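# Inside the fold
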Amino acid sequence: MTRRGWLVGTQRFVATWQPALAACPDDLTALVVQEAVPPSDPDALARALRARGHDLLLLTSPEALNFASPADLQGWAAACVGLRTAAAAEAAGVDVPFLVQGGGAELARALLE
């Protein structure tokens, strides 16, 4: 019996799983639902990080770190969704005092407690 299903995720996530999909005997289709794109003003994030006008970064994806230089991330703390996001943040020199597994809504609830 062949099962059918969808692999839903970002362009990067789907690309990571593409070899496994090709080898899978089931009928699985990749569906890209979002793509991480650079901001219209690439320097806006760097300026905001350097200004230190906030206390905490909220990171829901490791890809969020692709748009900041390691130097600008030094000394920041972050609230992260997922172990991969937290690991990427820590690898970039960011302290991770808040970590949740469920998603952005769970992160918001944890921060409000």
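Residues numbered from 1 in each chain as written. Predicted model: local features only at pLDDT ≥ 70, side-chain atom pairs only at ≥ 80, totals over all residues. Heavy atoms only, no water.

## Quick look at the pairing of strand S4 (residues 77-81)
How we decide: Accessible area is worked out with a 1.4 Å probe on protein chains only. A residue is then buried under 20% of its type maximum, exposed over 50%, and partly exposed in between. Segments assigned H or I by DSSP are reported as helices when at least four residues long, segments assigned E as strands when at least two residues long, and all are numbered from the N terminus. We treat two strands as partners when DSSP finds at least two bridges between them.
Across the five residues that make up S4, a large majority, five, are buried. The side-chain alternation of S4 yields two buried faces, one formed by Ala77, Ala79 and Val81 and the other by Ala78 and Cys80. In terms of strand pairing, strand S3 (residues 57-59) meets S4 through three bridges, oriented parallel. Looking at S4, one finds that Leu57 is bridged to Ala78. When S4 meets strand S5 (residues 95-100), the two strands line up parallel, connected through four bridges.

## Quick word on the environment of Ala110
For Ala110, the location among the structural elements is in helix H5 (residues 104-112). Counting along the chain gives 31 residues from Ala110 to Ala79, while the straight-line C-alpha distance between them is 9.4 Å.

## Looking at the nonpolar core
The criterion, for reference: Take the buried Ala, Val, Leu, Ile, Met, Phe, Trp, Tyr and Cys residues and link them wherever side-chain atoms come within 4.5 Å; each set so joined is a nonpolar core. Note on contacts: a residue pair is in contact if any heavy atoms of the two residues lie within 4.5 Å.
Formed by 14 residues in total, the largest nonpolar core has its most connected members in Leu57, Leu59, Leu73, Cys80 and Ala89. Sorting the residues of this core by element identifies S3, S4 and helix H4 (83-91) as the ones contributing at least two each. Those residues within four positions of Leu57 in sequence are excluded, and the remaining contacts are Leu49, Leu73, Trp76, Ala77, Ala78 and Ala79.

## Details of the pattern of salt bridges
Heads up, the condition is: The salt bridge definition used is simple: a Lys or Arg side-chain nitrogen within 4 Å of an Asp or Glu carboxyl oxygen.
Under the counting rule described, the total for this entry stands at two salt bridges. A salt bridge links Arg47 to Asp41, with the nearest nitrogen and oxygen atoms 2.7 Å apart.

## Description of the confidence of the model for the chain
Where we set the bar: As a per-residue measure, pLDDT tells how confident the predictor is, with possible values from 0 to 100.
For the chain, the mean per-residue pLDDT works out to 81, and 82% of the residues sit at or above 70. Put simply, strand S1 (residues 4-10) is where the chain has its lowest mean pLDDT, 67, and H4 is where it has its highest, 94.

## Digging into the sheet that holds S5
Here is the rule: The axes are straight lines fitted to the C-alpha atoms, using for helices just the contacting stretch, and the angles between their N-to-C directions are given from 0 to 180°.
Strands sit in the order S3-S4-S5 across an open sheet of three strands; the sheet is parallel. A strand with exactly one partner marks an edge of an open sheet, and here the two such strands are S3 and S5. Along the sheet, successive strands turn relative to each other by an average axial angle of 25°, direction set aside. Where H4 meets the sheet, it contacts S3, S4 and S5, and its direction lies at approximately 175° from that of S5. Its contacts with the sheet place H5 against S3, S4 and S5, and it is angled at close to 135° to S4.

## Points about unusual backbone geometry
Its identity is not glycine, yet Arg52 carries a phi of approximately 55°, on the positive side. Note on placement: Arg52 falls in the loop between helix H2 (42-51) and S3. On the basis of relative accessibility, which here comes to 41%, the residue Arg52 falls in the partly exposed class.

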